[in-house]
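Residues per chain, in single letters:
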Amino acid sequence: MVVGEGEGERPKLTKAQKKVLRKQQKAKLTLLRHEGVPLVTHITEHLVIANGGLGNGMSRELLTSILQPFGHLLVLHMLPGKPYAFASFSSSADAERVYRSLNGFTVSGTARHITLYLGFVEQVLCLQEDPSSLPPGLLLIPNFVSEEYEQELLNFLAWDEAEEIQDKRVLKHRRVKHFGFEFCYEDNSVNKANPLPGGIPSLCDEMISNCLVAGYIQHRPDQLTVNRYEPGQGIPPHVDTHSAFEDGIVSLSLGSQVVMDFRHPCGTRVPVFLPARSLLVMSGESRYLWSHGITPRKFDIISNRLQDGGPTLANRGMRISFSFRKVCWQPCHCCRFDLGLTYTRNTDRRISATQGTPPWPHVAAFVRGLPDAALLLDIGCGNGKYLSANRGLAMIGCDRSMPLTEICHQRGFQVLVCDALSLPVRSTSFDACLSIAVVHHLSTAREQRVPGGMARVLRPGGQGLVYVWALEQEYMHVRSKYLQQKQQDAQCTNGSMVPSAGLLSVHKNRMPFSSQDVLVPWHLKTQEKQNASFAGSSLSAPDQRSVHHRFYHVFRKGELECLCRRVPGIHVIETYYDQGNWCVIFEKMCHPSSTVL
Ligand SMILES: O=C(O)CCC(=O)C(=O)O
Ligand SMILES: [Fe+2]
Ligand SMILES: [Zn+2]
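Heads up: these notes are all about the structure in this document. Because the structure is a prediction, the values reported are computed rather than measured.

Okay, the coordination of the iron ion (ligand 2) next. Protein ligation of the iron ion (ligand 2) involves H238 (NE2), D240 (OD) and H292 (NE2), the donor distances falling in the range 2.1 Å. On the primary sequence, the residues serving as donors to the iron ion (ligand 2) are separated as H-x1-D-x51-H. Residue H238 is located in strand β13 (residues 235–238), and its partner H292 is located in strand β18 (residues 291–294); the two are separated by 54 residues in the primary sequence. For H292, a relative accessible area of 5% translates into the label buried.

With that settled, the discussion passes to the site of ligand 1. Near ligand 1 lie 13 residues; those nearest to it are Y229, S251, H292, R319 and S321. A distance of 3.1 Å is found between an oxygen atom of ligand 1 and a side-chain nitrogen or oxygen belonging to H238. In this structure, an oxygen atom belonging to ligand 1 sits 3.4 Å away from a side-chain N or O atom of R325. In the complex, 99% of the free accessible area of ligand 1, which totals 290 Å², lies under the protein chains. Using a 2 Å cut-off from the grid points, one finds that ligand 1 occupies the largest cavity. Tallying contributions element by element places strand β21 (residues 319–325) first for the shell around ligand 1, with four residues. Across the shell around ligand 1, the residue classes tally to four nonpolar, six polar and three charged.

Before going further, it helps to examine empty space enclosed by the protein. Going through the model one piece at a time under the given rule, you end up with six cavities of 30 Å³ or more. For the largest cavity, the calculated volume is near 160 Å³. Looking at the largest cavity, it is lined by 17 residues, and the ones nearest its centre are N227, I235, H238, H292 and S323. Only β12 (223–229), β13, β14 (249–255) and β21 provide two or more residues apiece to the lining of the largest cavity. No other element matches the four residues that β21 contributes to the lining of the largest cavity.

What follows concerns the pattern of salt bridges. Counted under the stated rule, the structure contains twelve salt bridges. As a salt-bridge pair, R263 and D261 come within 3.9 Å of each other at their nearest N and O atoms. The class of D261 is buried, set by a relative accessible area of 1%. The salt bridge partner of R565 is E561, with a shortest N-O separation of 2.4 Å. Taken as a pair, R565 and E561 lie in helix α15 (residues 559–565) at a separation of four residues, close to a single helical turn. By relative accessible area, R565 is classed as exposed at 51%. Linked by salt bridges that have partners in common, E147, E150 and R277 make up one network.

Calculation criteria
- Residues numbered from 1 in each chain as written.
- Chains lettered and ligands numbered in written order.
- Predicted model: local features only at pLDDT ≥ 70, side-chain atom pairs only at ≥ 80, totals over all residues.
- Heavy atoms only, no water.
- Donors = N, O, S within 2.8 Å, 3.2 Å for Na, K, Ca; no water.
- Helix = DSSP H or I, 4+ residues; strand = E, 2+ residues; numbered from the N terminus.
- Buried < 20%, exposed > 50% of the residue type's maximum accessible area, 1.4 Å probe, protein only.
- Near = heavy atom within 4 Å.
- Polar contact = N/O pair within 3.5 Å; in protein donor to acceptor, adjacent residues only side chain to side chain.
- Areas by Shrake-Rupley, 256 points an atom, 1.4 Å probe, with all protein chains shown as cover.
- 1 Å grid on protein atoms, 1.4 Å probe; cavity = no way out; pocket = protein on both sides within 12 Å on 5 of 7 lines; lining within 4 Å.
- Sits in = over half its atoms within 2 Å of the grid points.
- Nonpolar A, V, L, I, M, F, W, Y, C, P; charged D, E, K, R; others polar.
- Points joined across faces, edges and corners; volume = space filled by probe spheres on them.
- Salt bridge = Lys/Arg side-chain N within 4 Å of Asp/Glu carboxyl O.

Below you can see the structure in the form of structure tokens.
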């Protein structure tokens, strides 16, 4: 059936019907222009209700009572200030019934009469102000539950002061209750052996079903943590233990609004405003790679979009959140690593790697996340920075620089001198393999040989981690440390390249790259001069003996992943950006479609 745009012979329309069509057409254009959401001409489970928005003075309660008699309403999305709402029904037949009954329907009981115009949409618009600025995998659904339901959930909880003294030893900044399974904050684990009697309160069933139906989560949660924050309290930045919980965590905010900070390992911070009764869905990168936390404060600074758009203060009240998670029953073999952040720190410490040493904490975390006695090969190990990251492993480093391997040797590491393009080690022998800041020194034709070599030496199921320098030294509006170090320099120089005699340009340090293939000057410090040969660099002009030019091919977003995907016998598990680098984690397949020699 075609809705609103009938084909062929059309029965004569009454004046009123024509008006409805006209208004519907107008609403369609508004929605498309303002939100980029097209109406569709076939029937779906989802309706947009023009004039049924909070911006029209329509309340959630009233709209619910209007819709419900005609179809089983699953989710109603309303956004502050917007002149429309979205409704999802349990079937397209229900949505069709609602459409037929309510398109052009005039509502009394509001300040003025409101006529609703309905249309079908393929998908419900994810109602945040700027979805593109949220961390990947993060969804925010405002007005996910009604005020009545919020009150029911709040009334359900009894907060016993005595019982909480125990929690307070660990959690200085908030109170918690667990359902389904106890969460242990001392080691961030879940007590899988002893399920709590009663499980998740049945009061939550409907809400959980709505999350599943809407596709926000794939697994029915079996663990619920309720956090209660007084104004001034917060939760330290953390990543929910990946080995304890599956992907897909939903958190319902009740009581007061709050700003939750999401942080990427490269230091990018994305504050996300969580209104009361909104649902936050964390999956993928936003669940595993980004940390989330709430700074202990009595207020938040938010942008006041409805008025002048400038920043304004929002005082916090008491906030209670319901976080639903699915306990992970399989032992964790994945490549992702817990960031080792805890729930119990009482300062809002940045996990940003910009403050940390060693320079790439994610590499160290990958190494530390490997099982005991795993055999690891670090290709291009340099002075052995990562060879000391996990003493429980058997690690072998290799580098083509003899002086660097000597440093490693002095540090007690097992190392060999070799070329990354021809590794003198047996095939399928390593559990894990690193190549940090190596591939970007190779010309395009040879780049693939490094992940190719890693694929050869890894055992099936073994994992490789590759880091290369990124062309993009600014990500999510944050400059990499490389650029940050000398911002003043950058401001007084125009170009990022200086011409060189050869074909390649010489990159100007601390500037954005303007080409992917560059020579990067390396200024030797006095004590390094005598070891100048160790990076295999090309010597520059004789009068500049202390400056060496090293070849770099800096990688564009997606380029390293593409390169790795072309290597037979491996599959890419994760790609991320870390402090100005593109990073890929891959795994050697157990039954590769093509043989790796
Ligand atoms: O309060 C919230 O919304 C989040 C709570 C949380 O992140 C947690 O308990 O892991
Ligand atoms: Fe969390
Ligand atoms: Zn894992």
